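# Notes for the structure review
If you want the building blocks of each chain, they are given just below.
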Amino acid sequence: MVWAFFFSSLISIFFSSAAVAIQPPSPPTYGVRMEQAWIPMKDGVRLAATLYMPDGAKAQEKFPALLEYLPYRKDDGTAAGDYPKHAYFARRGYVSVRVDIRGFGASEGAPPEREYSEQEQVDGEQVIAWLAHQSWSNGNVGMFGISWGWFNSLQMAMRHAPGLKAILATDATAELFHDDVHYVDGMAHIDEFELNMDMAEGWTGAPDYPTDEKVLGPRFETPPWSLLYLKHQHDGPFWRERVRPLKEITIPSFLIGGLLDGYRDNVTDMLMQASGPVKAIVGPWNHTFPNEAEPGPQIEWRNEAVRWFDHWLKGRDTGVEHDPRLVIYVQHWHAPDPSLENVPGEWRREDVWPPKDARASTLFFQPNHLLAEGASQTDTHQLKYVPSIGVEAGFWWGELLSDVRPVDAFSLVYDSAPLPGVVAILGRPHALLRASATAPLADWFARLSDVAPDGTVTQITGAGINGAQRDSMSEPRDLEPGKVYPLDIEMHLTSWVFPKGHRIRVAISNALWPMMLPTPYSMTTSLELGGSDGSRVVLPVVPEHGAAAPAFSAPEPSEERTDLKSEGFPWPGEWTVERDEARHKTTVHWKGQESGEYPWGKEIDYENLTYDAEDAHPETCSVRGEAETVFTLKGRTLTWRGHLLVTTDQKNFYYKYTRELLKDGTLIKSKTWQETIARDHQ
């Protein structure tokens, strides 16, 4: 007993000492000083940087650098949003740095030929080296960012850029073909990003916005990226050469994702594959930072970032190595509501992925359109392809939605019996189909929903598969009409608690437009039911309540620049649907607007997209896009415009893009790109 007491005392002392050793994150002890700098590249081009410096530092005091590296114009486009992030870090002893990539904003040079180009990555390595060797630097560099900032943070980590010691990445993916916005789930997708980036390639930088040919010419003449992407319609070297396997990431990676974000799957991929330490938080958010997320609950992420970077860049033991590997929000049922302010639910921790207490629950499609645990009798269910359905199901497997019954009406739908008790899921459901089509090309989509007792349907998640990519995304092959193929549709990461009395619904369709452009053949598809390998869904079921997660801080007030004002549109913007039932034609209109005010003038951005589809002629869809940005400056007004038109027939995409620049209402520069591109299993 004495020895037992002695050892228990030692253990208690050890853990008490360990707890005392944990250091709080760096406090806000510095002021903020903004400095502009040029970072030279080896070829003579200079990249423009804004350095948010810790003001009031002691002589010879050294700091780590935190890099955010983007094309989105640091001096106007992101200036208002940059300050609350970078100033927060500067006050806590970091030189926080915002750099425009080559050819964008204030940086010199022509834009690269594509996103995430080799040039961008080589430049990024030189930027990191420059930061690591400045007189104020302690030699350690971290990267952070959202979307594009995550993409290039991952890619710099994959390249093992010297000096880069840790990253924090929000909302992006390493699967450039399957997950990015050009081919969602491997299928052709066009949205406002194409409009924005294709026009932005032609802009010059603030505050002067020069229009002389030396500066403007190389940017304005850069071919639109959407044209290049339309020429690469399946996976392969074009998409793969930009990234390396996730296992090659050896530096510490802190990931933030959202269950309403189209890029969320990369978080769990990293948890399973990355070689370095990984910490992740996944909330019920869309494509945004968690402190300003809509819907909420919002949390403060910047203090978590400081804990992370303090540990890996300053050598302070802030306890991050003892944090859960994953903290994820488990969503509870809510009625479909695009304006929902806060998603009901609870946080839970998971230290391994997949969760150790998850079990696969298989529900088979039954001849009477029920979902049940037992294998069904043999049957065949047929579905006529209606290419114009899907708008109510969202634009990229994200965002809050309205009731999806209008899409379900043109789908094969399978419902469970009312649940006798609560069912919770966490992970990626699979729809395992045995399917055939009467055409050589077909897409299949599986959506998982919660059906309330009053019939209301809340979509939870889903995914699609291009039938030609059933065996390989890089070597697509025609379907043999009438042949039955096994298809595995791995739905996107989700969490959900189905209440007692609700039903689980799986809906299968061959269109999800305008998220994906329609396939060009009229057809009927079939699902085969029956036996242990009949069409079915596999759900990742977990206990209703998991391990409790550490509490997050509420968002802190953000510092704002008083000389700037920015008003953006909330994703996904505004859309309306027009259906011509007599001609079986449907049109979707989308629009968005944002604006900014700066010391040198005002900017207003307008974007709209019009999607057309005809059910009797699925080969003849079209996408028309118009973008306009007006800079009202002292003594002049500059207007950049972009006009995008993509039409189709059974064999080709017909592409046209025009970029224009007007000065005081008079056209001073214009260029058009027009090409016919063969459809390649799209």
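Residues numbered from 1 in each chain as written. Predicted model: local features only at pLDDT ≥ 70, side-chain atom pairs only at ≥ 80, totals over all residues. Heavy atoms only, no water.

### Comments concerning the overall build of the chain
Tallying secondary structure elements over the chain gives eleven helices and 34 strands in all. Taken against the 2.2 N^0.38 rule, which gives 26 Å for 682 residues, the C-alpha radius of gyration of the chain at 26 Å falls within 12% of a compact globule. Buried residues in the chain amount to 59% of all 682 residues. For the chain, the proportion of contacts with a sequence separation of at least 24, taken over those separated by at least 6, is 74%. (Helix = DSSP H or I, 4+ residues; strand = E, 2+ residues; numbered from the N terminus. Rg over C-alpha atoms; globule rule 2.2 N^0.38 Å. Buried < 20%, exposed > 50% of the residue type's maximum accessible area, 1.4 Å probe, protein only. Contact = heavy atoms within 4.5 Å.)

### Quick notes on the nonpolar core
Counting 110 residues, the largest nonpolar core has Leu67, Val99, Leu131 and Trp640 as its most contacted members. At seven residues, helix α4 (residues 148-158) tops the list of elements feeding residues into this core. Beyond its immediate sequence surroundings of up to four residues, Trp640 is in contact with Met199, Gly202, Trp203, Thr204, Leu216, Phe220, Ala627, Glu628, Thr629, Phe631, Glu660 and Leu661. The next biggest cluster of nonpolar side chains, apart from the first, holds 50 residues, and it includes Leu363, Leu412, Ala442 and Tyr485. (Core = buried A, V, L, I, M, F, W, Y, C linked by side-chain atoms within 4.5 Å.)

### Digging into the side chain of His189
Take His189: it is sitting in the loop between β8 (187-188) and α5 (192-200). One polar contact links His189 to Asp191, side chain to side chain, over a distance of 2.9 Å. Here Met515 takes part through its backbone oxygen, which lies 2.6 Å from a polar atom of the side chain of His189. Ignoring any residue separated from it by four or fewer positions in sequence, one finds His189 in contact with Val181, His182, Val184, Glu194, Phe395, Trp396 and Met515. (Polar contact = N/O pair within 3.5 Å; in protein donor to acceptor, adjacent residues only side chain to side chain.)

### Observations concerning the environment of Lys384
Mapped onto the elements of the fold, Lys384 is located in strand β15 (residues 379-384). Setting aside residues up to four positions removed in sequence, Lys384 forms contacts with Met523 and Thr524.

### Considerations on the side chain of Arg264
Relative to the helices and strands, Arg264 is located in the loop between β9 (253-258) and α9 (265-273). Buried charge Arg264 goes without a salt bridge, the closest partner of opposite sign being Asp265 at 4.8 Å. Within the structure, Arg264 has its side chain in polar contact with the backbone oxygen of Leu493 (distance 2.6 Å). Not counting chain neighbours up to four residues away, the residues in contact with Arg264 comprise Gly258, Leu259, Trp397, Thr461, His492 and Leu493. (Lys, Arg positive; Asp, Glu negative; His and termini not counted. Salt bridge = Lys/Arg side-chain N within 4 Å of Asp/Glu carboxyl O.)

### With respect to the sheet that holds strand β6 (residues 164-170)
Reading across the sheet, the eleven strands line up as β1-β2-β4-β3-β5-β6-β9-β10-β11-β12-β26 and stay open at both edges, with mixed pairing between neighbours. Of all strands in the sheet, those with a lone pairing partner are β1 (31-40) and β26 (547-548), marking the two edges. Sheet topology places strand β2 (residues 46-55) next to strand β4 (residues 95-100); four bridges connect them, and they run antiparallel. Bridge pairing in β4 places Ala49 opposite Val99. (Pairing = 2+ DSSP bridges.)

### Topic: the packing of aromatic side chains
This structure, assessed with the given rule, holds 32 aromatic pairs. Considering the side-chain rings of Phe104 and Trp225, the 5.8 Å spacing of their centres and the 55° angle between planes classify their relative orientation as tilted. Here Phe104, found in the loop between β4 and α3 (118-132), pairs with Trp225, found in helix α7 (residues 225-230); they are 121 residues apart in sequence, far enough to count as distant. When sorted by exposure, Phe104 lands in the same class as Trp225, which is buried. (Phe/Tyr/Trp six-rings, centres within 6.5 Å; stacked < 30°, edge-to-face > 60°.)

### What about the pairing of strand β16 (residues 412-416)?
Burial of β16 is extensive: five of the five residues sit out of reach of the surface. Of the two faces of β16, the one lined by Leu412, Tyr414 and Ser416 and the one lined by Val413 and Asp415 are each fully buried. One ladder, built from two bridges, connects strand β14 (residues 370-372) with β16; its direction is parallel. Within the sheet, the bridge partner assigned to Leu371 lies in β16 and is Ser416.

### With respect to the pattern of salt bridges
Here the structure, examined in full by the defined rule, presents 47 salt bridges. A salt bridge links Asp123 to Arg102, with the shortest nitrogen-to-oxygen separation between them at 2.8 Å. Here the residue Asp123 occupies a position in helix α3, and Arg102 occupies one in the loop between β4 and α3, the gap between them amounting to 21 residues. Across the pair, Arg102 and Asp123 agree in class, each one buried. Residues Glu567 and Lys565 are paired through a salt bridge, measuring 3.7 Å at the closest nitrogen-oxygen approach. Glu567 sits in the partly exposed class, given a relative accessible area of 46%.

### Considerations on the environment of Arg242
Secondary-structure assignment places Arg242 in the loop between α8 (237-240) and β9. Between the alpha carbons of Arg242 and Glu175 there is a distance of 9.9 Å; along the sequence they are 67 residues apart. Once residues lying within four places of it in the same chain are set aside, the contact partners of Arg242 are Arg114, Glu115, Tyr116, Ser117, Glu118, Gln121, Gln155 and Leu176.

### Some details on the packing of α3 against α4
As a packed pair, α3 and α4 sit with axes 10 Å apart at the nearest point and diverge in direction by 75°. When the interaxial angle is binned, α3 and α4 end up roughly perpendicular. Between α3 and α4, the residues in contact are Glu120, Gln121, Gly124, Glu125 and Ile128 and Trp148, Asn152, Gln155 and Met156, respectively. Here the contact of α3 with α4 is built from residues that sort into three nonpolar, four polar and two charged. (Axes fitted to C-alpha atoms, helices over the stretch in contact; angles between N-to-C directions. Parallel < 35°, antiparallel > 145°, perpendicular 65-115°, else oblique. Nonpolar A, V, L, I, M, F, W, Y, C, P; charged D, E, K, R; others polar.)

### Details of α4
In terms of burial, α4 is largely enclosed, as eleven of its eleven residues are buried. Those residues of α4 that fall on the buried side of the exposure criterion are Trp148, Gly149, Trp150, Phe151, Asn152, Ser153, Leu154, Gln155, Met156, Ala157 and Met158. Two residues or fewer past α4, His160 is found with a positive phi of approximately 55°.

Just geometry here; none of it tells us what the structure is for.
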